[in-house]
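Architecture at a glance
So the chains spell out like this:
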Amino acid sequence: MTFAIPITWLILALPFCVATVLASYKAACKRTTNKKRHLAVVGLNIAAYAALLLLLFDPQTTDSEPLKVTVITDQDALPDEAQKFETYSAPWLSKAVEGAPRLPSISALPHIANSPDTVHLLGYGLREADWQKLDSRLKIEWDTPRDAPTGIIDVRWPKVVYVGDTWTVTGTFEASQAAEESEIFKIALADPAGREISMQKVRAGGRFSLSASTPLPGPITYTLEVTDRESTELDKEHIALSVTSPVTTKILLLQSAPGFEARHFSAWAHSYGAQITALSTVSKGRYIIAGSTEPAAASEGMLQSFDFSAFDIVVMDGRAYSDLTDTQRLALDTAIVNGLGLFIQADSALVQQLQEQPDNLLTGISLVPSESRTNAVRPQWPTQLSESDVALPTLPVSAYVEGWAPLVGSEQKGPVSVVKSYGLGRIAVSWLRQSYAWVLAGNKGIYSSYWTYIAGKVGRTTGAARLIPHADNLLPRLGDRLANCGLVNNVSASVQIEHVGAKLTQTQTLAADRFSSDRACSFFEPQNTGWYRRSLLNTDGKSLDSDYFYVFDNNDWAANFAWERRTATKLRVGAQKPDQLTKARVNTRSLFSSALLGILFIVCACLLWTERKLAS
């Protein structure tokens, strides 16, 4: 118990009160001989002083209760009528529950509800992103819904795909409890025109996987529909894709003489979607240039003026490499340091050069002629689709390398190609020959797999600045805090976000990510549903990359949204400790009503005044 005034004042006031009561009793005895009247005067004085002292000292008591709030996360999860704690509606509810104001965001909960330490959840709970906005020390009380979400859940698909590439949407269909266990459901994927392009039949709780390819670029919306055996629609949602053209790989092929290898390599490069410039010697000082430029003959100056930095990978044979001038070799060296990839097909000219003079780019490798008769091997590499029965010849050499890593191996002779880093680029040397023999034997798949692997391992890795697509399982919704990130290669950049329908544009400067020097991000909270266009801009406002993303309404993908929240809340509740509660609300209340004490004092004073008037 506590008092508004120190208790020592009460000790000092009591003798005065007792003396005053005795004095009033003596005065009453002089005014009348009625003993009942004497006792009434004493009683009224005692009651008046008691009321006055209690008003002044105001004795108080304290009790405590948890700092608890209730959050309603689903429209049909209504609170108990006897609920005595503050109650709020989640921000995604289409309509706030009566008596439970809507939160502007989950992160606002500690500020609006006066820093609660216990959150009581009604419904499927909060998403992982919402939990990250709340203090991990909060105690969670959750009334787990008996029924699991009904509809398409755990859905994911790539948000950005290339034109012509096959993409896949996967998910699970959860049927209602009334459905029979043996009932079959049809999951169908339809294109924007409503034509069914992929279909799969599953049982309740079954996993589905549907694939399609998109021939045109731009923002495209597909439809995913679930029907039962009577063709009754059970669920229908939209699949939003940003379809873009692939980044073109630029290849320079330098061949000392035209041949089968160059012809088949050029055919593969075109099928791979690369832009190839082939340069072959037809006579001393004269070249045939084909590929991205018009076929023409030119002097050696044509090769000298080539800007190697404009390419992602240079492929050449040993003789073409040996014939490079000092100026050309310096330009090639600079380009590799800045990220270019170089792949050299070794031959006798390269073997001779390595024996006669040191080479700055090929330091650490020595190719010594060998008389071994076992020169045919079956190459092996990590991404090989299948093993070919066709053995390829190798240059009759013994390779001695230091500081180089195996690129392509073989069971018979070990590595037949090696690679090393040089600045930001890579250099590879191969003594494997006549890879086009796979094509002649009908194994185009093996040939394509081989050169795709070489291009990926040796080619330029520091690509142009680009946007990072959103995660496959992310379904952006109104009010979400979306991260818009890009790989910007340590340059200043910004992202422009434009709503396609409303023509609302916002430009944000990207801030460097503390985990990666090349990655930079900004955050955006959409206030409108529909398609948005993202553009990555440099400091001059030039667009470096662009794509689209779709913001869904809060009623879209309802089952998946509920499943995400249910899964995240289960993990959060399971991770909390038994002694999570650390704070309590302290309530202080007066033992006596100030209003009643005031009335009592006034009544007693009036009666005492009346008694004295009557006696006089």
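Residues numbered from 1 in each chain as written. Predicted model: local features only at pLDDT ≥ 70, side-chain atom pairs only at ≥ 80, totals over all residues. Heavy atoms only, no water.

Moving on, we come to the overall build of the protein chain. Along its length, the protein chain carries 13 helices and 36 strands. Counting only residues that meet the buried cut, the protein chain has 43% of its 616 residues in that class. Within the protein chain, residue pairs in contact and separated by at least 24 positions form 64% of the contacts whose partners lie at least 6 positions apart. Of the roughly 32,600 Å² that the protein chain leaves accessible, carbon and sulfur atoms contribute 53%. (Helix = DSSP H or I, 4+ residues; strand = E, 2+ residues; numbered from the N terminus. Buried < 20%, exposed > 50% of the residue type's maximum accessible area, 1.4 Å probe, protein only. Contact = heavy atoms within 4.5 Å. Areas by Shrake-Rupley, 256 points an atom, 1.4 Å probe, with all protein chains shown as cover.)

In this section: the pairing of strand E19 (residues 341–345). Across the five residues that make up E19, a large majority, five, are buried. Burial along E19 is two-sided: Gly 341, Phe 343 and Gln 345 and Leu 342 and Ile 344, pointing in opposite directions, are all buried.

The next point concerns the environment of Thr 87. By the secondary structure assignment, Thr 87 is in strand E3 (residues 86–89). Separated by 19 residues in the primary sequence, Thr 87 and Lys 68 place their C-alpha atoms 9.3 Å from one another. Among all residues touching Thr 87, those that are not within four sequence positions of it are Thr 70, Ile 72, Gly 99, Ala 100 and Pro 101.

Model confidence for the protein chain is summarised by a mean pLDDT of 82, while 87% of its residues fall at 70 or above. Taken as a whole, residues 292–302 scores under 50 in pLDDT and shows 20 contacts with residues more than four places along the chain or in a different chain. (pLDDT = per-residue confidence, 0-100.)

Residues Met 316, Tyr 321, Leu 332, Leu 342, Leu 362 and Trp 431 are the most contacted members of the largest nonpolar core, which totals 64 residues. Sort the elements by how many residues they give to this core and helix H11 (residues 444–458) lands first, with eight residues. Apart from the residues lying within four places of it in its own chain, the contact partners of Met 316 are Leu 254, Tyr 321, Leu 324, Leu 332, Leu 342, Phe 343, Ile 344 and Gln 345. (Core = buried A, V, L, I, M, F, W, Y, C linked by side-chain atoms within 4.5 Å.)

Take the sheet that holds strand E31 (residues 505–509) next. With antiparallel pairing, the four strands of this open sheet are ordered in space as E31-E30-E34-E35. Every other strand in the sheet has two partners, leaving E31 and strand E35 (543–551) as the edge strands with one partner each. Averaged over all pairs of adjacent strands, the angle between strand axes in this sheet comes to 20 degrees, irrespective of strand direction. When strand E34 (residues 530–537) meets E35, the two strands line up antiparallel, connected through eight bridges. Paired with Leu 537 across the bridge in E35 is Ser 543. (Pairing = 2+ DSSP bridges. Axes fitted to C-alpha atoms, helices over the stretch in contact; angles between N-to-C directions.)

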